[in-house]
Amino acid sequence: MNLPHHKFGDTRPAGETGVWLTSMGLAIGLFMVLALLALIVANGLSVFWPKPVLELHLKPGSASVLRDQTVIGGIVTRTRDRMVPLAEGKAVEREWHLQVGNKDVYGQGFRYVAINDALKTEYPADAMVVERMEYGHAVGRPLSLALPDGRTVAAGDAGFSPALHDALRGVRALRGELRQVEKKAIGRINHAMTQLRLNPDKLASPDGRAEQAELQKRYDVLAADALRIRGELEKGSLSIALFTGEQRAIPLGQIVHFHFPNRMTTPEKVGFFLHGLKGFVADDPREANTEGGIFPAIFGTFVMTLLMSIAVMPFGILAAIYLREYAKQGWFTRSVRISVNNLAGVPSIVFGVFGLGFFVYFTGGTIDQLFFSKSLPTPTFGTGGIIWAALTLALMTVPVVIVSTEEALAAVPRGTREGSLALGASKWQTIYRVVLPAAAPGIMTGLVLAMARGAGEVAPLMLVGVVKLAPSLPIDDLFPFIHLDRKFMHLGFHIYDLGFQSPDSDAARPMVFATTLFLIALVVLLNLGAIVIRERLRRKYATGAF
Amino acid sequence: MTSTLEAPPAEDIVIDVRDISFFYGANKALHHLHMRIPRRQCTAFIGPSGCGKSTFLRCINRMNDLIDGARMEGSLLLDGMELNSPHVDVIALRRRVGMVFQKSNPFPKSIYENVIYGLRIAGVNNRSVLDETVERCLRKAALWEEVKDRLHSSALQLSGGQMQRLCIARSIAVNPEVILMDEPCSALDPRATSRVEDLIAELRQEFTIVIVTHNMQQAARVSDWTAFFYEGKLIEFGATQQLFTKPASQQTQDYITGRFG
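Residues numbered from 1 in each chain as written. Chains lettered and ligands numbered in written order. Predicted model: local features only at pLDDT ≥ 70, side-chain atom pairs only at ≥ 80, totals over all residues. Heavy atoms only, no water.

**Q** Please explain unusual backbone geometry as it appears in this structure.
**A** What you tend to see is this: most non-glycine residues have negative phi, and most peptide bonds are trans. Residue and element names in this part refer to chain B. The phi dihedral of Asp79 is positive, around 50°, even though this residue is not glycine. Mapped onto the elements, Asp79 comes out in the loop between β4 (70-78) and β5 (81-82). Backbone geometry at Glu231 places phi at a positive 50°, although glycine is not the residue there. (Helix = DSSP H or I, 4+ residues; strand = E, 2+ residues; numbered from the N terminus.)

**Q** Help me out: how do you make sense of the packing of aromatic side chains in this one?
**A** Geometry of an aromatic ring pair is reported as the spacing of the ring centres plus the angle between the planes. Within this structure, the stated rule accounts for 25 aromatic pairs over all chains. Ring plane angle 45° and centroid distance 4.3 Å describe the contact between Phe107 of chain B and Tyr117 of chain B, whose orientation is recorded as tilted. With Phe107 of chain B in the loop between β6 (97-100) and α3 (111-115) and Tyr117 of chain B in helix α4 (residues 117-121), this pair connects stretches of sequence that are 10 residues apart. The pair formed by Phe107 of chain B and Tyr117 of chain B is uniform in burial state, with each residue classed as buried. Each residue in the set Phe354, Phe358, Phe359, Phe362, Phe372, Phe381 and Trp388 of chain A is aromatic and connected to the rest through ring pairs, giving one cluster. (Phe/Tyr/Trp six-rings, centres within 6.5 Å; stacked < 30°, edge-to-face > 60°. Buried < 20%, exposed > 50% of the residue type's maximum accessible area, 1.4 Å probe, protein only.)

**Q** What is the right way to read the sheet that holds strand β2 (residues 27-38) of chain B from this model?
**A** All names here are of chain B. Strand order in the open sheet formed by 4 strands is β2-β1-β4-β5, and the pairing between neighbours is antiparallel. Bordering the open sheet on either side are β2 and β5, each of which pairs with just one other strand. Across 2 bridges, β4 lies against β5 in antiparallel orientation. Bridge pairing links Leu78 to Met81 in β5. Strands in contact with helix α1 (residues 53-60) are β1 (13-24), β2 and β4; relative to β2, the strand with the most contacts, it is inclined by about 60°. (Pairing = 2+ DSSP bridges. Contact = heavy atoms within 4.5 Å. Axes fitted to C-alpha atoms, helices over the stretch in contact; angles between N-to-C directions.)

**Q** Can you help me understand the sheet that holds β6 of chain B in this one?
**A** All names here are of chain B. Judged by pairing direction, the sheet is mixed, and its 6 strands sit side by side in the order β6-β7-β8-β3-β9-β10 without closing on themselves. With one partner strand each, in any of the chains shown, β6 and β10 (233-239) form the two edges of the open sheet. Going across the sheet, the axis of each strand differs from the next one's by a mean of 15°, ignoring polarity. Two elements, β6 and strand β7 (residues 178-182), share 4 bridges in a ladder whose sense is parallel. The residue of β7 that forms the bridge with Gly98 is Ile179. Sitting on the sheet, α1 is in contact with β3 (42-46), β6, β7, β8 (208-212) and β9 (225-230), with an inclination near 155° to β7.

**Q** How do you make sense of the pattern of salt bridges when you look at a structure like this?
**A** Residues and elements named next belong to chain B. On inspection of all chains with the given rule, the structure shows 40 salt bridges over all chains. Residue Asp79 is joined to Arg39 by a salt bridge in which the shortest nitrogen-to-oxygen separation is 2.6 Å. Of this pair, Asp79 sits in the loop between β4 and β5 while Arg39 sits in the loop between β2 and β3, and the two are 40 residues apart along the sequence. When the shortest N-O distance is used, the salt bridge between Arg96 and Glu177 registers 2.7 Å. Residue Arg96 is found in helix α2 (residues 90-96), and its partner Glu177 is found in the loop between α7 (160-172) and β7; the two are separated by 81 residues along the sequence. Overall, Arg96 belongs to the partly exposed group, its relative accessible area being 24%. The network of salt bridges with shared partners includes Asp12, Arg39, Asp79, Arg96 and Glu177. (Salt bridge = Lys/Arg side-chain N within 4 Å of Asp/Glu carboxyl O.)

**Q** So what exactly am I meant to see when it comes to the environment of Ala530 of chain A here?
**A** Residue and element names in this part refer to chain A. Here Ala530 lies in helix α15 (residues 505-541). In this structure, the C-alpha to C-alpha distance between Ala530 and Pro441, residues 89 residues apart in sequence, is 9.7 Å. The contact partners of Ala530, leaving out residues within four places of it in the chain, are Met444, Val448 and Met451.

**Q** What exactly am I supposed to notice about the interface of chain B and chain A here?
**A** Accessible area lost on assembly of the parts is the figure often given for the size of an interface. Taken together, the 26 residues of chain B in the interface contact 21 residues of chain A. Interface area, chain B with chain A, both sides summed: about 1900 Å², of which 63% is carbon and sulfur. Considering only the side of chain B, the residues that lose the most area to chain A are Pro108, Tyr117 and Ile121 of chain B, jointly responsible for 28% of the buried surface there. Applying the counting rule to chain B against chain A returns 1 salt bridge. Counting the contacts that link chain B with chain A gives 6 residue pairs in polar contact (both at pLDDT 80 or more). (Buried area = accessible area lost by both parts, 1.4 Å probe. Polar contact = N/O pair within 3.5 Å; in protein donor to acceptor, adjacent residues only side chain to side chain.)

**Q** Help me understand a nonpolar patch on the surface in this model?
**A** A cluster of nonpolar side chains, Leu26, Leu30, Val33, Leu34, Leu36, Leu37 and Val41 of chain A, forms an exposed patch at the surface whose accessible area comes to about 620 Å². With respect to the helices and strands, the residue Val33 of chain A is situated in helix α1 (residues 16-46). (Patch = residues over 30% accessible without salt bridge, like charges linked within 9 Å, V, L, I, M, F, W, Y side chains within 5 Å. Areas by Shrake-Rupley, 256 points an atom, 1.4 Å probe, with all protein chains shown as cover.)

**Q** Mind showing me how you'd approach the domain arrangement of chain A here?
**A** Residues and elements named next belong to chain A. Domain annotation of chain A identifies domain 1 (45-143 + 238-282), domain 2 (148-235) and domain 3 (295-541). When each unit is reduced to the centre of its C-alpha atoms, the spacing between domain 1 and domain 2 is 35 Å. Listed as interface residues are 13 residues of domain 1 and, on the opposing side, 14 residues of domain 2. Note on domain 1 versus domain 2: buried area summed over both sides is about 1100 Å², and carbon and sulfur give 68% of it. Three residues, Leu252, Gly253 and Phe258, lead the burial of domain 1 against domain 2; their summed loss comes to 49% of the area buried on that side. Linking domain 1 to domain 2 there are 5 residue pairs in polar contact (both at pLDDT 80 or more). Per element, the largest residue contribution to the side of domain 1 that touches domain 2 is 3 residues, and it comes from strand β11 (residues 255-259). (Domains from an automatic or database assignment.)

**Q** In this structure, what is going on with the pairing of strand β4 (residues 110-114) of chain A? I would like to understand it.
**A** The side chains of a regular strand alternate between both faces of the sheet. Residues and elements named next belong to chain A. Counting buried residues in β4 gives 4 out of 5 residues, a clear majority hidden from the surface. Two elements, strand β3 (residues 90-99) and β4, share 5 bridges in a ladder whose sense is antiparallel. Considered in β4, the bridge of Leu98 is made with Arg111.

**Q** Would you explain the packing of α7 of chain B against helix α8 (residues 190-203) of chain B in this entry?
**A** Angle between the axes and distance between the axes: these two values describe a pair of packed helices. All names here are of chain B. Contact geometry for α7 and α8: axes closest at 9 Å, N-to-C directions at 20°. Taken as axis vectors, α7 and α8 run roughly parallel relative to one another. α8 is crossed by α7, and the crossing has right-handed handedness. Only Ala192, Arg195, Val196, Leu199 and Leu203 of α8 make contact with α7, whose side of the interface consists of Gly161, Arg165, Ile168 and Ile172. Partitioning the contact of α7 with α8 into residue classes produces 6 nonpolar, 1 polar and 2 charged. (Parallel < 35°, antiparallel > 145°, perpendicular 65-115°, else oblique. Left-handed = near helix turned anticlockwise from the far one by under 90°. Nonpolar A, V, L, I, M, F, W, Y, C, P; charged D, E, K, R; others polar.)

Quick look at the structure:
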């Protein structure tokens, strides 16, 4: 028999084409993942980097003039090419997407400007960007500052920026105070009043009436206080001149933050970047979610994923133990196993519909009738809530946990089990004391996979409790602290909402990327947590075999 | 066919095997064994692979129960108590009959927890009892000096020979009457093997030891009695000295002289 000879001197090892093929597969996969991450990180982080303000002098008669003014200013967010129909054929026109701000004056915060229409462009050093509570950014040149105590500081003064900073510090303190009064104190009274109203017997008694009057009195005091603080916030204003010439006075109470992007040094820009990042993580959203932060969404996603993990772990592990250790292996267990695997492939929206029908309407409705009948017809648990969302996702991810737990259990060597049984351990003792600890790292892998799938899921949540803007967090300082019935915000839904439901898509676009970045970061963080636990377990048992 | 064996030792008998047959499904693995195993001595089972010696060993602590479709017939008495009965409490039985496996199988726990595993599952939690047991058993297993400073580190970091001695320490911690050893040295190097053999020589003062081995020199070295199995039948059973020097059966003669198997 003649086998083809490997020629002497041929340095190519046999099977090299296989190496190439497989490594290509890996390279393409890695490239796609890295490209995805790079795009999201770059787009997400650039949102917080201060961009310069451009002042443009336009050709008279240009289509880009704003309020008949040829001088306009704004922040260039990107460029695009546009096909312009000509008498003969077409021409490509390059345009800037300009964030002109001042939505209250111009009616829109963004517009396209043909680059060819610009006669002169410059970056004025005194250009100022003011982030406001409403109407987005104000962009212009500062004129003067009227402080709450009546003093006035001109923009040219050396003390202008420090005075404005000081004034804003006062505003922030007032705003904090207002939140304390309106959200916390008045919220607590409202809670107590609702409780009282749900108890008609008590309300009819003299005690109840006295309590109600007392609550009302306390409410009146707080409401007066809130009114006073709001009055304080009205005092003082910042006057700016827009590039188009108008002058506006912005009440200090409206200002969140200000900066002069064109004269910032690099360390200042880094500081601004970090400050913006921090605000994004820690603040509540404003203006239909297009401004402010995403804290409630981060928190909601985190709590929901945690609840889901708590729910999915015991079910998945117990089911897998029975299936692997106790059930008689036969056609029935085989078909159960196949069904479980197929369950993992069911579209998630199906779980959402099931969650709505079973958890929300049936289970929640029954709970309401049994325990919260007083507040009916307003549902307590009979409407979407974080607990139903967590349970729906737990149901969706339970196959992942079952499959990986079964694999981890199967990987525990037979000798280890026999060693335990030979010492007089019962089957359950063997499972509990030897098999489960040895399988724990593999089980944690299942949890990692389940969390990754659960945290990124949006479609079923829309049916069972996620909302665009939740008035309160699922965990707070009001008894019973963990409010499983509350609706919540979720990063995945937040992205959808910003991308498709936002009234101002230009303002929402950067927020989409930034929110995506944080969704990825949160999933990575949760997974890292689980991986750290798994490595601990592995090190504890000093085996890499599982 | 009943076994043609030497008159059973007229000493204190701990395991009395009367006409034991064993089936894996329809496959008969053991044929009508009779054997009487004496107390506090070492009995070795030798024979070629697949001759049923391990299967028989695992009958003694009912480890074969774990195999689907396995079935035992006949009578097996431990101190006069019938073991081949559905009413036997196998958990209690396995506390009386310990086992050391071919492949050392320490639990993924600390050395300390490995030794006291049998006590823990029996519900012993008294710290001083546990500490005392760990030291006593590790000393008996000739492992104490090597591990006394790292009792709470993982047992899986030990060497192969140390792991096997740990498994022996673990099995004696529950104070069994009988220790079954299924080729305990087959995965060990000669040095570790000799340590385990020394240990067996020590332990047989106190426990009844039944050892399965492929190594005839080892059987000759450590055992008082030897049984030769062939194709699921007990061919010969007698004092080790006699079986190796003047075997009664031609098959035994052929096997120990290396003519087959």
